[in-house]
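A structural walkthrough
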Amino acid sequence: MRDEKLSDDELELFVQYLHRFAKHHLDIFLNLELGDPECPVYVTFSREYPPIGEVSDFRRPVLKRRQAPSQSDISDGG
């Protein structure tokens, strides 16, 4: 495991996957414990409004639109 921050590109890709997961695979909720077992991070994904905080406490990341590879890129391996 690498002990370094995500690059800007890695973070952007993570947010895109997270957005897609929330849009297509999150039925009710998901609770996770992640990271270092000595100092874990607890994450809850839910479609319910959280019991604490205000809507303004949550920010929606702006997703950059990446262009899909062209058909010629796919067929020629490049």
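Values in this document were obtained by computation on a predicted structure and should not be read as measured data. (Residues numbered from 1 in each chain as written. Predicted model: local features only at pLDDT ≥ 70, side-chain atom pairs only at ≥ 80, totals over all residues. Heavy atoms only, no water.)

As for helix H1 (residues 8–24)
For H1, spanning 17 residues, the distance from its first C-alpha to its last is 24 Å, which sits close to the expected 24 Å at 1.5 Å a residue. Restricting attention to buried positions, one finds in H1 the residues Glu12, Val15 and Gln16. Seen end-on, H1 carries its buried residues on one side only, within an arc spanning 100°. (Helix = DSSP H or I, 4+ residues; strand = E, 2+ residues; numbered from the N terminus. Expected span 1.5 Å × (residues − 1). Buried < 20%, exposed > 50% of the residue type's maximum accessible area, 1.4 Å probe, protein only. Arc of directions from axis to C-beta.)

Overview of the pairing of strand S2 (residues 41–46)
Pairing geometry for strand S1 (residues 29–34) and S2, over six bridges, is antiparallel. Each bridged residue has a counterpart across the sheet, and for Asn31 the counterpart in S2 is Thr44. (Pairing = 2+ DSSP bridges.)

What about the packing of aromatic side chains?
For the coordinates displayed, the defined rule picks out one aromatic pair. Arranged with centres 5.9 Å apart and planes meeting at 75°, the rings of Phe21 and Phe45 form a pair that is edge-to-face. Note that Phe21 is positioned in helix H1 and Phe45 in strand S2, a separation of 24 residues in sequence. What makes Phe21 partly exposed here is its relative accessible area of 26%. Overall, Phe45 belongs to the buried group, its relative accessible area being 18%. (Phe/Tyr/Trp six-rings, centres within 6.5 Å; stacked < 30°, edge-to-face > 60°.)

Focus on the confidence of the model for the protein chain
Caution applies to low-pLDDT regions: their predicted coordinates should not be interpreted in detail. Mean pLDDT over the protein chain stands at 79; residues scoring 70 or higher make up 81%. Counted against residues more than four places away or in other chains, residues 72–78, with its pLDDT under 50, gives two contacts. (pLDDT = per-residue confidence, 0-100. Contact = heavy atoms within 4.5 Å.)

A few points about a nonpolar patch on the surface
On the surface, Leu6, Leu11 and Phe14 cluster together into a nonpolar patch covering about 300 Å² of accessible area. The exposure class of Leu11 is partly exposed, given its relative accessible area of 42%. (Patch = residues over 30% accessible without salt bridge, like charges linked within 9 Å, V, L, I, M, F, W, Y side chains within 5 Å. Areas by Shrake-Rupley, 256 points an atom, 1.4 Å probe, with all protein chains shown as cover. Salt bridge = Lys/Arg side-chain N within 4 Å of Asp/Glu carboxyl O.)

Here's the deal with the environment of Glu48
Assignment of secondary structure puts Glu48 in the loop between S2 and helix H2 (71–75). As for Glu48 and Ile28, which are separated by 20 residues in sequence, their C-alpha atoms are 8.3 Å apart.

Observations concerning the environment of Arg47
The topology assignment puts Arg47 in the loop between S2 and H2. Distance from Arg47 to Ala22, taken between C-alpha atoms, is 8.8 Å for residues 25 residues apart in sequence. Once residues within four sequence positions are removed from consideration, Arg47 is found in contact with Ala22, Lys23, Leu26 and Ile28.

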